[in-house]
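Each chain is listed here by its residues.
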Amino acid sequence: MGSEMTDAVAIHSINPKVLKCEYAVRGEIDTYTENLEQELQKNPGSLPFDEIIYCSIGNPQALGQQPITFFREVLALCDHPSLLEKSETNTSFSSDSIVRAHQILSSFPGKATGAYSNSQGVKGLRDSIAVGIAARDSFPASSDDIFLTDGATPAVHYIMQLLLRSEADGVLCPAPQYPLYTASITLHGGTHVPYYLDEANGWALEISELKKQLENARTKGIIVRALVVINPNNPTGQVLTEENQKQIAEFCKKEDLVLIADEVYQDNIFAEGKKFNSFKKIFRSMGYGEDIPLVSYHSISKGYYGECGKRGGYMEVTGFSKSVREQICKVVSVNLCSNISGQILTSLVMNPPKSGDASYESYASERDGILKSLARRAKALEDALNNLEGVTCNKAEGSMFLFPQIHLSEKAIKAAKASKMAPDAFYALRLVESTGIVVLPGSGFGQVPGTYHFRCSILPQENKIPAIVSRLAAFHESFMNQYRD
Amino acid sequence: MVKPLDHESINENVKKTAYAVRGELYLRASELQKEGKKIIFTNVGNPHALGQKPLTFPRQVVALCQAPFLLDDPNVGLLFPADAIARAKHYLALTSGGLGAYSDSRGIPGVRQEVAEFIERRDGYPTDPELIFLTDGASKGVMQILNAIIRDENDGILVPVPQYPLYSAAITLFGGSLVPYYLEEEANWGLDFNTIRQSIASARSKGITVRAMVIINPGNPTGQCLSEPTIRELLQFCFMENLALLADEVYQQNIYQDEKPFVSARKVLFDMGPPLSKEVQLISFHTVSKGYWGECGQRGGYFEMTNLPPKTVDEIYKVASIALSPNVPGQIFMGLMVNPLKPGDISYLKFEQESKSVLESLRKRAHIMTDGFNSCRNVVCNFTEGAMYSFPQIRLPARAIEAAKNAGKAPDVFYCLKLLEATGISTVPGSGFGQKDGVFHLRTTILPAEEDMPAIMESFKKFNDSFMEQYEDYRGYSRM
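Side note on the overall build of chain B
- Looking only at helices and strands, one finds 18 helices and 14 strands in chain B.
- The C-alpha extent of chain B, read off along each of the three principal axes, is 80 × 60 × 55 Å.
- The buried share of chain B, taken over its 480 residues, is 65%.
- For chain B, the share of sequence-separated contacts (at least 6 apart) that also reach a separation of at least 24 residues comes to 72%.
- Total accessible area on chain B is roughly 17,500 Å²; 53% of this is exposed by carbon and sulfur atoms.
- On chain B, the mean spot of the 49 positive side-chain charges and the mean spot of the 55 negative ones are 3 Å from each other.

Here is the structure:
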């Protein structure tokens, strides 16, 4: 092999879209933290803290949140149906979990949960999910519109792949946003068109800003194809008002944009007076029917169920022509189907125990316990952050995160530049070095240039929050003093 | 006004993509099933859908992992054997918070360690768990790797023909070029390096940079098992031509003859020593969907990278991290598959017996099906040496080909649709996998239950004979 030949799969010869795409949630800070973990294991006592506290990703069960018992009972029975033939099962499992398992198993041809299912997902499970959606929205849903996927993430990729033909195609995304959207747009060769949420106004989504960014993109020759709205938002947590949602719907109709509604945090709302309304419900209530394209995403990873590791979710696709739906079905079929356990769990999340069911009391108590605790943790952290010098944090409304702004001194910014880091990444790195608390720099999510933020999850166990707050406060004070102008 | 999601304005690559395994025949079969017709789905390698039972032990372990509160239940010993309980505790301890937490984006480190140990036991060479990535099924891994390699339509990937159409679909979706190399049906679907060299030269003359080569061993749909000398020659070829090798080895447990046992591309590569063992870039794929496990619905798979530069591995890791992590139950199935029970374990005998009976039956069914097809005068079928499929060649008379043309269908599609309508047997036409011009095949699986096989082959033969009667021309008169 001559030296002029390049390696088949070397860094300079792989897909440039792969090289270009970024995903800050598992980026630089993550790698650094991994090294700290190893250091803690090898040399305990060598660092100023004895554990890493991950406030970086929305991974509740990794931080001690317990799964919902009823859901896991049903899953265990579906994974090993022989249990249903044993008498001991009647004492070890709740009676309604046994009934549900039987019901779910009969929706599988031959009761075989190890077979590839229909590529959209098992029909019986989709029927069940459609019923759940209709109960939530008071508008009908069709199981033909539902595609069950390994988490919501692959479903986002399918739609981006479908919509983006070249770099001339753009998608409007919020800034800040969950960086899956920018990563997916880049991977699929399209152009990201950011629209800024208004921090001074509780992270409001202004139609005037949408208009401005849309027109700006069009003058540059970009064909804007879709609008991504994340509600409740990640990382900011703001929950849209119904009025705002209607304005957004009108905007999409007028400008011929596909609305991509990421609604994975629909069960994580703790602000008084704020309520989740699905965009589908908003559309239908405005008389917008099957001719207006809307893709809605949900997931089993968040809410009070927090089943991230199962990889379950769906997209509900409405307002597409038959021929385009066929294309979606085709692309989805190449992967054959999503994992069955995730499909079953999605149907359980959309159809939990109801009042009167044997498990209802314990289910409701588990659910409410988790949600109330999340609300308390959100408030405690929001207050703590607002008490820090130079830090402002908008009111926590929903999702699993807070996105405070930090006002960094010139001196701090210079020090960051000298370390070749974004100022908020510099802050986050110093934070984890000193305290073991991992947050994600705002630069990974998008922010108005010259402003700095970090995303902090509200997920550590409640009894750890006071310690986190005091350590954070101590670090912050010392950082601010060190870099005072 | 043309809207974003009108058919004409969606991504061309999506429109060009085809995946016959769940294509026209499957859709028609599903329609007929809805109308009440009994369908035998032999279109996809989906063992449990055709009555194969899951192995007991893995299901016990995963059920316990789903519901860890059972471990504290006084009845747990009556519901589960002690070794399943111990193994569930083992896997739960390896996770970051049970089945419900995202794992490391590459997969749970402890499970990747088990995969590494499996590979080392199998091949006799150590491997690095950091270079093993677990995925939601092997298909996702294949797509990730092809997406990393393909930059534009000038990048070509050598793919066997016939092939499993994941490869053609992925190459089209990512905008690359498929460079076919035809397998020799008369030589038991063997490889001919002259043919491969011609394919590569032809592609290069069109300005295509051939970047990688795919081998499927055992083959899908053809079932042929590659011999060690052939794999050596392939590796030498990749070395000389600067190609990365993608070794799809998902059927490595499905071997139905003893002359050519499975040998991994990696083992042969290391047997060959330097410079090849240090230079050839190899990615190997495996899954829990096939073998004797058949756990398709769990979506458990992995790929192992050999000789890829660290920066490239980082980029692949970055893309994997966007999906956060592969599903945790699927990862545990993988751990269980590569780290099996040992003699002396309580559940060992039952596990061995279940596994053996599946494999023995598959071997028998491979023969029943091959012989059944060969007993038809217009059908020639190579023996299924491995994998899960039978790929008989159907010789179609000229009038059938004409009838197909008039119906607007490819001849093998026409034949398979008629077969479906007459017998309920849902196959995939050979055109979905690629075949030489004017030569027709269908792919079926060897998965229907052993006791149903004779009746199925009988039903096929009856249909085939009547089809031939209808379309064959005897002594020059037509049957108008």
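Focus on the packing of helix H14 (residues 360-386) of chain A against helix H17 (residues 465-482) of chain A
All names here are of chain A.
- For the pair H14 and H17, interaxial distance at closest approach is 10 Å and the crossing angle is 15 degrees. When the axes of H14 and H17 are compared, the pair comes out roughly parallel. Of the two possible hands of crossing, H14 and H17 adopt the one that is right-handed. On the side of H14, the interface is formed by Arg377, Ala380, Leu381, Ala384 and Leu385, while H17 contributes Ile465, Val469 and Leu472.

Some details on the interface of chain A and chain B
- Facing the 89 residues of chain A at the interface are 95 residues of chain B.
- Both sides together, the interface formed by chain A and chain B hides about 7,500 Å², and carbon and sulfur atoms give 57% of it.
- Counting the contacts that link chain A with chain B gives 2 salt bridges.
- Notably, a salt bridge pairs Lys140 of chain B with Asp150 of chain A, separated by 3.0 Å at the nearest N-O pair.
- Across the contact surface, chain A and chain B share 40 residue pairs in polar contact (both at pLDDT 80 or more).
- Within the residue set of the side of chain A that touches chain B, elements represented by two or more residues are helix H1 (16-20), helix H3 (69-79), helix H4 (89-92), helix H7 (152-163), helix H8 (180-187), helix H12 (322-333) and helix H13 (340-349) of chain A.

Observations concerning the pairing of strand E3 (residues 155-161) of chain B
Residue and element names in this part refer to chain B.
- The buried fraction of E3 amounts to 7 of the 7 residues, a majority that puts the element mostly inside the structure.
- By the alternation rule, side chains of E3 split into Asp155, Ile157, Val159 and Val161 and Gly156, Leu158 and Pro160, which are all buried.
- Sheet analysis places E3 next to strand E5 (residues 209-216), joined by 4 bridges and oriented parallel. Bridge pairing links Gly156 to Val210 in E5.
- Handedness of the crossover joining E3 and strand E4 (residues 177-182) through helix H8 (residues 166-173): right-handed.

Structural notes on the sheet that holds strand E7 (residues 282-287) of chain B
All names here are of chain B.
- Strand order across the open sheet formed by 7 strands is E2-E8-E7-E6-E5-E3-E4, with mixed pairing between neighbours. The two strands at the open ends of the sheet, each matched to only one other strand, are strand E2 (132-135) and E4. Taking each pair of neighbouring strands and ignoring which way they run, the sheet shows an average axis angle of 20 degrees.
- Along the sheet, helix H9 (residues 193-205) makes contact with E3, E4 and E5, crossing E4 at roughly 155 degrees.
- Together, strand E6 (244-248), E7 and strand E8 (301-306) form the strand contacts of helix H11 (residues 265-272), whose direction differs from that of E8 by roughly 15 degrees.

Considerations on the packing of aromatic side chains
- Considering all chains together, one arrives at 35 aromatic pairs over all chains under this definition.
- Plain terms: the ring middles of Phe71 of chain A and Tyr363 of chain A are 6.2 Å apart, the flat faces sit at 50 degrees to each other, and that makes the pair tilted. Highlighted residues: Phe71 of chain A in helix H3 and Tyr363 of chain A in helix H14, separated in sequence by 292 residues. Both residues of the pair, Phe71 of chain A and Tyr363 of chain A, count as buried.
- Summarising the aromatic geometry, the rings of Phe285 of chain B and Phe303 of chain B are spaced 6.2 Å apart at their centres and angled 50 degrees between planes, so their arrangement reads as tilted. Here Phe303 of chain B lies in strand E8 and Phe285 of chain B lies in strand E7, a separation of 18 residues in the sequence. Taken as a pair, Phe285 of chain B and Phe303 of chain B share a single burial class, namely buried.
- Against the face of Tyr389 of chain B rests Arg443 of chain B, its NZ or CZ located 3.9 Å from the ring centre.

Examining the pattern of salt bridges
All names here are of chain A.
- Summed over all chains, the structure comprises 45 salt bridges over all chains.
- Note that Lys379 and Asp383 form a salt bridge whose closest N and O atoms lie 2.9 Å from each other. Here the residue Lys379 and the residue Asp383 both occupy positions in helix H14, the gap between them amounting to 4 residues, near one helical turn.
- Look at Lys379 and you get partly exposed, because its relative accessible area is 45%.
- Overall, Asp383 belongs to the partly exposed group, its relative accessible area being 34%.

A short note on the sheet that holds strand E10 (residues 389-390) of chain B
Residue and element names in this part refer to chain B.
- Taken together, 3 strands build an open sheet; the order of strands is E10-E14-E13 and the sheet is antiparallel. Unpaired on one side and paired on the other, E10 and strand E13 (428-429) mark the two borders of the sheet.
- In this fold helix H15 (residues 348-374) packs onto E10 and strand E14 (442-445), with an angle of close to 145 degrees to the strand it touches most, E14.

Focus on helix H2 (residues 24-34) of chain B
All names here are of chain B.
- What H2 keeps buried is the set Leu25, Tyr26, Ala29, Ser30 and Leu32. Each buried residue of H2 sits inside an arc of 160 degrees when the element is viewed along its axis, so together they form one side.
- In this structure, the buried residues of H2 make contact with strand E1 (40-41), helix H17 (411-423), strand E12 (425-426) and E13.
- At the exit of H2 stands Gly36, carrying a positive phi of roughly 105 degrees.

Observations regarding the side chain of Gln343 of chain A
- Relative to the helices and strands, Gln343 of chain A is located in helix H13.
- With residues near it in sequence (within four places) discarded, Gln343 of chain A still touches Ser117, Gly121, Val122, Leu125, Leu148, Cys337 and Ser338 of chain A.

Thoughts on unusual backbone geometry
- The omega torsion of the bond from Asn217 of chain B to Pro218 of chain B falls at -5 degrees, within 30 degrees of zero and hence cis.
- Mapped onto the fold, Pro218 of chain B is located in the loop between E5 and helix H10 (228-241).
- Backbone geometry places Trp203 of chain A, a non-glycine residue, at a positive phi of 60 degrees.
- By relative accessible area, which is 5% here, Trp203 of chain A ends up buried.
- Its identity is not glycine, yet Asp256 of chain A carries a phi of approximately 55 degrees, on the positive side.

Parameters and conventions
- Residues numbered from 1 in each chain as written.
- Chains lettered and ligands numbered in written order.
- Predicted model: local features only at pLDDT ≥ 70, side-chain atom pairs only at ≥ 80, totals over all residues.
- Heavy atoms only, no water.
- Helix = DSSP H or I, 4+ residues; strand = E, 2+ residues; numbered from the N terminus.
- Buried < 20%, exposed > 50% of the residue type's maximum accessible area, 1.4 Å probe, protein only.
- Contact = heavy atoms within 4.5 Å.
- Areas by Shrake-Rupley, 256 points an atom, 1.4 Å probe, with all protein chains shown as cover.
- Lys, Arg positive; Asp, Glu negative; His and termini not counted.
- Charge placed at Lys NZ, Arg CZ, Asp CG, Glu CD.
- Axes fitted to C-alpha atoms, helices over the stretch in contact; angles between N-to-C directions.
- Parallel < 35°, antiparallel > 145°, perpendicular 65-115°, else oblique.
- Left-handed = near helix turned anticlockwise from the far one by under 90°.
- Buried area = accessible area lost by both parts, 1.4 Å probe.
- Salt bridge = Lys/Arg side-chain N within 4 Å of Asp/Glu carboxyl O.
- Polar contact = N/O pair within 3.5 Å; in protein donor to acceptor, adjacent residues only side chain to side chain.
- Pairing = 2+ DSSP bridges.
- Right-handed = clockwise from strand over helix to strand, strands pointing away.
- Phe/Tyr/Trp six-rings, centres within 6.5 Å; stacked < 30°, edge-to-face > 60°.
- Lys NZ or Arg CZ within 6 Å of the ring centre and 35° of its normal.
- Arc of directions from axis to C-beta.

Bear in mind that shape data such as this cannot, by itself, settle questions of function.
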